[in-house]
Amino acid sequence: MLEGEDYKSGQILLIDKPLEWTSFQVVNKLRWLIRKQFNIKKIKVGHAGTLDPLATGLLVICTGKFTKRIAELQGQVKEYTGTITLGATRPSYDLETEIDQTFDTAHITEETIKSAVQGLTGEIQQCPPVFSALKKDGKRLYEYARAGEEVVINARTVTIQEFEITGIHMPNVDFRIVCSKGTYIRSIAHDLGKELQSGAYLSVLRRTKIGDNNVIDAVTPKMFEMQLRNEDISD
C-alpha cells in the first residue's frame, strides 16, 4: 500500500481517461484525492501527453519528483484505436463541431481505402487541426477557430509506423495506428477523406499504449480513488 511520501518521491500512474473528461480534469482529480487521503498540502502531478475530451484511454500520470520524467515519456511511441467516418467533414475533424460538408462515398471500396492508408504511412507531412491547443503568436489555435479567424498552420513531419484497417462497415472504418509524438489522429482522419476524394472525420478514439505502458494495466479515476482508500475494486 502506497503512502503519501511514496507519491511525493515519485510514482507513475496509468489512468484510463473517461469520455468527456479533459486531461487537466484527471490531473486535478488525482492531485485532490492524494492530498485529501494523506493530508498533504502540496504535491506535483502532471500528465505525459494530452487526450482530447472526446477520446478515452491511456493517460500516464507522474507524481512528485517523477514529474521530471514527463518530457521523456511524452516522446515515446503511441498506439491508438478508433473509428473514422467517411462521407462528411467537420471543422474540428472530430465530433466537437457539426458537419459542414457531405460527400459521395459510392466510389470507395476496401481496396481504395487500403491504398489510401499506404499513402499515409511512414514519414508524412501533417497539418494540425485548427481546433487544437497548439499556440500561434501566443494564442491557442482553437481560440482563432472559435472566433472565426483565419490562421495559417504550417505542416510538420510526423511518423506513422503502422496504420492498420481492422474493420470496414461503411461509412465507418475501424483502425489501429502506431505513431510518433505530435501526431494528430484527427488530421489523419481528415487526410484519409481527401485521399479518397471524399470527406472524413474521427468519430471514436482510444489511446491504448504509450511506450511500454498499456491501457489494459490502467485504472479509471474512480478505481484509483477506491485503491487509495484500500477498497476492493474487483467488482
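See the structure shown above.
The text that follows walks through the structure, step by step, so that each part is easy to find. (Residues numbered from 1 in each chain as written. Predicted model: local features only at pLDDT ≥ 70, side-chain atom pairs only at ≥ 80, totals over all residues. Heavy atoms only, no water.)

Thoughts on the overall build of the chain
In terms of regular secondary structure, the chain is built from seven helices and 13 strands. For the chain, whose C-alpha radius of gyration is 19 Å, the value lies close to the compact-globule estimate of 18 Å for 235 residues. In terms of principal-axis extent, the alpha carbons of the chain reach across some 60 × 40 × 30 Å. Looking at the chain as a whole, 47% of its 235 residues are labelled buried. (Helix = DSSP H or I, 4+ residues; strand = E, 2+ residues; numbered from the N terminus. Rg over C-alpha atoms; globule rule 2.2 N^0.38 Å. Buried < 20%, exposed > 50% of the residue type's maximum accessible area, 1.4 Å probe, protein only.)

Examining the side chain of Thr208
If you trace the backbone, Thr208 turns up in strand S12 (residues 200-210). Using a relative accessible area of 11% as the deciding quantity, one classes Thr208 as buried. Setting aside residues no more than four positions away along its own chain, Thr208 makes contact with Leu58, Glu79, Tyr80, Thr81, Asn213, Asn214 and Val215. (Contact = heavy atoms within 4.5 Å.)

Notes on helix H2 (residues 23-38)
Its 16 residues give H2 an end-to-end C-alpha distance of 23 Å, which sits within 8% of 22 Å, the value for a rise of 1.5 Å per residue. Residues of H2 that are buried: Ser23, Val26, Val27, Leu30, Leu33, Ile34 and Phe38. Taken down its axis, H2 places every buried residue within 135 degrees of arc, on the same side. Turned more than 90 degrees away from the buried face of H2 sit Phe24 and Lys36, all of them exposed. If you follow the buried residues of H2, they end up packed against helix H1 (4-9), strand S1 (11-17), strand S2 (45-47), strand S3 (56-63) and helix H7 (221-228). Following H2 by one or two positions, Asn39 adopts a phi angle in the positive range, close to 55 degrees. (Expected span 1.5 Å × (residues − 1). Arc of directions from axis to C-beta.)

Quick word on the pairing of strand S10 (residues 156-169)
Pairing between strand S7 (residues 122-126) and S10: five bridges, direction antiparallel. From the neighbouring strand, Ile124 faces S10, where its bridge partner is Val158. Hairpin connection between S10 and strand S11 (residues 172-179): a loop of two residues separates the two successive antiparallel strands. (Pairing = 2+ DSSP bridges.)

Topic: the packing of aromatic side chains
In the structure shown here, the tally under the stated rule is three aromatic pairs. Note on Tyr7 and Phe38: the rings are 5.7 Å apart at their centroids and 35 degrees apart in plane angle, and the pair reads as tilted. Residue Tyr7 is found in helix H1, and its partner Phe38 is found in helix H2; the two are separated by 31 residues along the sequence. The buried category is assigned to Tyr7, whose relative accessible area is 5%. Measuring from centroid to centroid gives 6.3 Å for Tyr7 and Phe224, while their planes differ by 90 degrees, and the two rings are edge-to-face. Taken together, the residues Tyr7 in helix H1 and Phe224 in helix H7 connect sequence positions 217 residues apart. Each residue in the set Tyr7, Phe38 and Phe224 is aromatic and connected to the rest through ring pairs, giving one cluster. The lysine or arginine in question, Arg69, covers the ring of Phe66, its NZ or CZ lying 5.4 Å from the ring centre. (Phe/Tyr/Trp six-rings, centres within 6.5 Å; stacked < 30°, edge-to-face > 60°. Lys NZ or Arg CZ within 6 Å of the ring centre and 35° of its normal.)

A look at a nonpolar patch on the surface
Residues Leu19, Leu54 and Leu95 make up a contiguous nonpolar surface patch of roughly 250 Å² in combined accessible area. Within the secondary structure layout, Leu54 lies in the loop between S2 and S3. (Patch = residues over 30% accessible without salt bridge, like charges linked within 9 Å, V, L, I, M, F, W, Y side chains within 5 Å. Areas by Shrake-Rupley, 256 points an atom, 1.4 Å probe, with all protein chains shown as cover. Salt bridge = Lys/Arg side-chain N within 4 Å of Asp/Glu carboxyl O.)

A look at a positive patch on the surface
Side chains of Lys42, Lys44, Lys65 and Lys68 sit close together on the surface and give a patch of like positive charge. Looking at the secondary structure, you find Lys44 in the loop between H2 and S2. Look at Lys44 and you get exposed, because its relative accessible area is 59%. (Lys, Arg positive; Asp, Glu negative; His and termini not counted. Charge placed at Lys NZ, Arg CZ, Asp CG, Glu CD.)

Concerning the nonpolar core
Soluble globular proteins: nonpolar side chains tend toward being buried together. The biggest cluster of nonpolar side chains holds 44 residues, and the ones touching the most others in it are Ile61, Ile84, Leu86, Phe163, Ile185 and Phe224. Excluding anything up to four places from it in sequence, Leu86 contacts Thr105, Ile108, Ile113, Met170, Pro171, Val173, Leu192, Leu196, Gly199 and Ala200. Of all hydrophobic cores here, the second largest spans ten residues; its members include Leu14, Ala48, Val60 and Ile70. (Core = buried A, V, L, I, M, F, W, Y, C linked by side-chain atoms within 4.5 Å.)

As far as function goes, none of this settles anything; it's purely spatial.
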